[in-house]
Amino acid sequence: MEKLTINIDLVLPGVPSEKDACVERIIHALTGRQGIEKVHIVPGSGENKAQLCFHYNPAIITVDRVEKMAQQAGAEILDRYHHLLIPVKGIRHQRQTRLLEAAIRKLRGVLSVSVSAAGMVFVETDATELHDETVYDLLRKEGLTITAVPTKAHDHAHDHDHEHGEEHHHEGHDHNHQHGGIFGERTELIFSLLCGAMLGIGFGLSFLPGIPTIVPFILYIAAYFFGGFFTATEAVQTIRKGGFEIDFLMLVAAIGAAILGNWVEGALLLFLFSLGHALEHFAMEKARKSIAALTALAPKTAFLKTGDGMKEVDITSLNKGDVIIIKPNTKIAADGIIIKGSSSINQAPITGESIPVDKHAYEQVDFNIETAAQLDDQYKVYAGTINGNDSIEVRVIKEAKDSTLSRLVQMVNEAQTQKSPTQQFTDKFERIFVPFVLVLVTLLCFVFLVRDETFNESFYRAMSVLVAASPCALAISTPSAVLSGVARAARMGVLIKGGRPLEDLGSLKALAFDKTGTLTEGKPKLTQIVPLINLTEEELLKIVVAVEALSDHPIAKAIVRDGRTRLAGTNIPVAHNMEAVLGKGIKATLNNDTIMIGNLALFNQTAPGDVQTQVKALEKSGNTTMVVLRNEEYIGIIAVMDTPRKEAKAAIAALQQVGIQKMVMLTGDNQQVAEAVAAETGIQVAMGGLLPADKVSAIQQLMKEEQKVAMVGDGVNDAPAMANSTVGIAMGAAGSDVALETADIALMGDNLSLLPFAIGLSRQAKKIIKQNLVISLGVVALLIPCTIFGIATIGPAVIAHEGSTLIVVFNALRLLAYKR
Ligand SMILES: Nc1ncnc2c1ncn2[C@@H]1O[C@H](COP(=O)(O)OP(=O)(O)OP(=O)(O)O)[C@@H](O)[C@H]1O
Ligand SMILES: [Zn+2]
């Protein structure tokens, strides 16, 4: 049996993560084919992307063939399953999203669908049954405008041009369908105000003597028209789809009032209802615009270097490898590596950190564009960030659509379509509650049969109860808060991938941290070189640097960097056959010697007593210590020391303040160092000497004690622990695609101080969601008995109903202004 691992994004380019259904599909498609025994996912960690691992029998099938099969299956799946993320305009409120979802779901070939009230439609389709165009057409038929060329999570280069054309082609004609109407976006609000005006004037005139009764009557009819126009259009649309919602019921109530001769009351009802809706729509639009503002961060054009001059080009026409010139104090147009000049760059638009970061040119001229994303942050710039006072030249390493900013915007857009647990609960509640209300209202219409009252009175009571019991506020209470929370976080450089992580983060009490790179800088310094045999420090260091040069562990990088400086000028030999021993050390061959470098565990604690004592002594003083073995001989000890991040202590204290009770550090480093760092940063519990698998069990144990636990890490050797926690939080995600993709919450900046902000914001969001539930359910609970027993009539019922809807929306909007 042989194994072959292939990066998932090579077989399924553009698939957002290994959790995507398409990964399951490819595994399913390939498992059991002749010669292939097993296919499974190897989760990504650090800069290693997630991979597919194929276990195949080389006697039956060649490695080339396996690879071909994987590529082919991947292409077939991507051809077949499309993920469409479509930004639209014209969704007016929460309820409409459910109708839309239902309508889209009815199309044959739709696998999943989710619509956010802020105007983002996510559809997963089986393209053999359904053309993307059909989905777009349906959306247009529903009166929506598609505001941008839909981004496809699964991007096929070949059908892109075609789509572009189609989009433009349709645009002009869309406008007729749009809700807007003659006064543009504000039409609904203006109509409702007109309704109110007509009603007011008519009502006033009805008291003046000498005015024929027909005049106020005509004004009331006009008020009905303006107040009922949108409500009626919507009700008709809903009924055509076989649904039926509060719009229809409002209309029935208004028409009922008119039939009974109570035009004033009916018009008042329509006025309040339409005004409430217009304002609700207006408020949601505000949250949506806050997200849309992110997209506007990137400049539209770039200055492309051409020979000795430059020309302004559209950023979409930039290719990897192009060189662009960034003028002082302008926005950077693409993700890239600085190749000339140095400048201090304001990365706040992406990372939320307002202190500019000094960056300079990468010395090596012809670097590999494909792996350049892994270079150190000091050379890397991001689209959307702002250049300081010096001009720089940047080699583009990502196309516009793949830039960190584009990915961020796309993920924020996706996040809005993910329903939170509370919203799932309220949706479910409504499904049970609404039929119950309808039965109650129907019964109430017939009260006049058993009580001494007129049908009019019974009908009125029934209508008041109906208005009182409509759960409009409930429906929007959670999505509005999630939307505002996600939008606010994104502006600070914190990506929250939906309502679930937002709510979880807001309710957790325990946090686990990775040490290296999370609580510490992750850039240790070489502190000790101790030869154990007759070797000079220099000779020992040469061996160590040669071996560690093959590893990309942060410790290895540190040893190589500092070692090279110390050995400046001398020749460093080249080692071969590197093998990493997870969480313990490495092994390699150098001049026919086998060299092993690692902690005591690597040698199963069999190192001689005096070596152990020396190691323990070094560890006591906070060093991460490694023993060097040549063949059978212990030849030396080297030690490195990492420094805690300067913001760590304050961040931990702030976390305690926002109510995180338990904070634990998990590390592969030795217990002494773990405790030293814990003491310096203020963490209560330090657990050292953990292998990645031990970190997972530590998380599981914590979850048993605390229910919800977040794991904060940098994605290097802690991805499995992050995946097993309630919420995985990645730091420094701007520089690491993998961290950005796999985490539930990503801090774009490499700075811990965003964490208390994110947690504070989530707590606030959670609090607001709770308040909103109490308000919306409370009003309904109070109003139902009040209307049944005639304490409140339809007028107050409408006011309370619309009022509570507006209160919850505006309550949620407070999150947009959340300050740390
Ligand atoms: N390339 C290497 N060279 C020498 N020692 C190594 C190497 N990789 C790992 N080790 C040893 O194994 C230990 C655990 O490594 P591991 O990668 O699990 O954790 P870490 O990076 O030290 O800390 P954290 O778990 O907080 O990220 C290290 O402290 C070191 O002693
Ligand atoms: Zn395997």
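These numbers come from a predicted model, not from an experiment. (Residues numbered from 1 in each chain as written. Chains lettered and ligands numbered in written order. Predicted model: local features only at pLDDT ≥ 70, side-chain atom pairs only at ≥ 80, totals over all residues. Heavy atoms only, no water.)

Q: Which residues make up the sheet that holds strand E11 (residues 323-326), and what values go with them?
A: A sheet is described by the order of its strands in space; here six strands give the open sequence E10-E9-E11-E16-E12-E15, paired in antiparallel fashion. The open sheet has two edge strands, strand E10 (309-314) and strand E15 (380-381), and neither has a second partner. Inspection of the sheet shows strand E9 (residues 301-306) paired to E11 by two bridges, in the antiparallel sense. In the sheet register, Leu304 faces E11, and the bridge partner there is Ile324. (Pairing = 2+ DSSP bridges. Helix = DSSP H or I, 4+ residues; strand = E, 2+ residues; numbered from the N terminus.)

Q: Before we move on, could you go through the packing of helix H7 (residues 187-205) against helix H10 (residues 263-295) and cite the residues and values that matter?
A: Where H7 meets H10, the closest approach of the two axes is 8 Å, and the angle between their N-to-C directions is 155 degrees. Judged by the angle between their axes, H7 and H10 are roughly antiparallel. The handedness of the crossing between H7 and H10 comes out as left-handed. The segment H7 lies against H10, with Glu188, Leu189, Ser192, Leu193, Cys195, Gly196, Leu199 and Phe203 engaging Val264, Ala267, Leu268, Leu270, Phe271, Ser274, Leu275, His277, Ala278, Leu279 and His281. Per-class residue counts for the contact of H7 with H10 are 13 nonpolar, five polar and one charged. (Axes fitted to C-alpha atoms, helices over the stretch in contact; angles between N-to-C directions. Parallel < 35°, antiparallel > 145°, perpendicular 65-115°, else oblique. Left-handed = near helix turned anticlockwise from the far one by under 90°. Contact = heavy atoms within 4.5 Å. Nonpolar A, V, L, I, M, F, W, Y, C, P; charged D, E, K, R; others polar.)

Q: How would you explain the environment of Gly517 if you had to name every residue and give the values?
A: For Gly517, the position within the fold is in helix H18 (residues 515-519). Spatially, the C-alpha atoms of Gly517 and Thr643 are 9.7 Å apart, while their sequence positions differ by 126 residues. In contact with Gly517, other than residues within four places in its own chain, are Gly522, Arg645 and Asp714.

Q: Hey, could you go over empty space enclosed by the protein for me, with residue numbers and the actual values?
A: Inspection of every chain in the model, using the stated rule, returns seven cavities of 30 Å³ or more. A volume near 130 Å³ is recorded for the largest cavity. Taken together, 15 residues make up the lining of the largest cavity; nearest its centre are Ser116, Ala117, Gln416, Gln423 and Pro479. Of all the secondary-structure elements, those providing two or more residues to the lining of the largest cavity are strand E5 (110-116) and helix H16 (472-491). Taken together, the residues of the lining of the largest cavity sort by class into seven nonpolar, seven polar and one charged. (1 Å grid on protein atoms, 1.4 Å probe; cavity = no way out; pocket = protein on both sides within 12 Å on 5 of 7 lines; lining within 4 Å. Points joined across faces, edges and corners; volume = space filled by probe spheres on them.)

Q: Go over the coordination of the zinc ion (ligand 2), please, and point to the residues and values.
A: Protein ligation of the zinc ion (ligand 2) involves His40 (NE2), Cys53 (SG) and His55 (NE2), the donor distances falling in the range 2.1 to 2.5 Å. Taken in chain order, the donor set of the zinc ion (ligand 2) reads H-x12-C-x1-H. Remark: His55 occurs in strand E3 (residues 51-56) and His40 occurs in strand E2 (residues 36-42); sequence separation between them is 15 residues. Given the relative accessible area of 26%, His40 is considered partly exposed. For His55, a relative accessible area of 13% corresponds to the buried category. (Donors = N, O, S within 2.8 Å, 3.2 Å for Na, K, Ca; no water. Buried < 20%, exposed > 50% of the residue type's maximum accessible area, 1.4 Å probe, protein only.)

Q: An account of the packing of aromatic side chains is needed here, citing residue identities and associated values.
A: With the rule as written, the count across this model stands at 20 aromatic pairs. With centroids separated by 5.6 Å and ring planes inclined at 70 degrees, the aromatic side chains of Phe603 and Tyr634 adopt a geometry described as edge-to-face. One end of the pair, Phe603, is in the loop between strand E22 (593-598) and helix H21 (609-620); the other, Tyr634, is in strand E24 (residues 633-641), and 31 residues separate them in sequence. Accessibility assignment for this pair places Phe603 and Tyr634 in one class, buried. In textbook terms, an aromatic cluster arises when at least three aromatic residues are bridged by ring pairs, as seen for Phe191, Phe225, Phe226, Phe229 and Phe230. The ring of Tyr81 carries the charged tip of Arg25 above its face, separated from the ring centre by 3.7 Å. (Phe/Tyr/Trp six-rings, centres within 6.5 Å; stacked < 30°, edge-to-face > 60°. Lys NZ or Arg CZ within 6 Å of the ring centre and 35° of its normal.)

Q: For the pattern of salt bridges, give the residues involved together with the corresponding values.
A: Enumeration over the complete set of coordinates arrives at 26 salt bridges. The salt bridge partner of Glu393 is Lys340, with a shortest N-O separation of 3.9 Å. One end of the pair, Glu393, is in strand E16 (residues 392-396); the other, Lys340, is in strand E12 (residues 336-340), with 53 residues separating them in the sequence. A salt bridge links Asp669 to Lys515; its shortest N-O distance comes to 3.1 Å. Of the two residues, Asp669 sits in the loop between strand E25 (662-666) and helix H23 (671-681) while Lys515 sits in helix H18, which places them 154 residues apart along the sequence. For the pair Asp669 and Lys515, one class covers both residues: buried. Within this structure, Glu101, Arg105, Lys419 and Asp427 form a network of salt bridges that share partners. (Salt bridge = Lys/Arg side-chain N within 4 Å of Asp/Glu carboxyl O.)

Q: An account of the domain arrangement of the chain is needed here, citing residue identities and associated values.
A: Buried accessible area, meaning the area lost when the parts come together, often serves as the stated size of an interface. When cut into domains, the chain gives domain 1 (2-80), domain 2 (84-146), domain 3 (186-288 + 418-478 + 791-804), domain 4 (303-401), domain 5 (483-519 + 645-764) and domain 6 (523-643). Averaged C-alpha coordinates put domain 5 and domain 6 at centres separated by 30 Å. Across the contact, 10 residues belong to domain 5 and 14 residues belong to domain 6. Overall, the association of domain 5 and domain 6 removes approximately 930 Å² of surface from exposure, summing both partners, and the carbon and sulfur fraction of that is 56%. Taken together, the connections running from domain 5 to domain 6 amount to zero salt bridges. Of the residues contributing to the side of domain 5 that touches domain 6, the split by class is three nonpolar, five polar and two charged. (Domains from an automatic or database assignment. Buried area = accessible area lost by both parts, 1.4 Å probe.)

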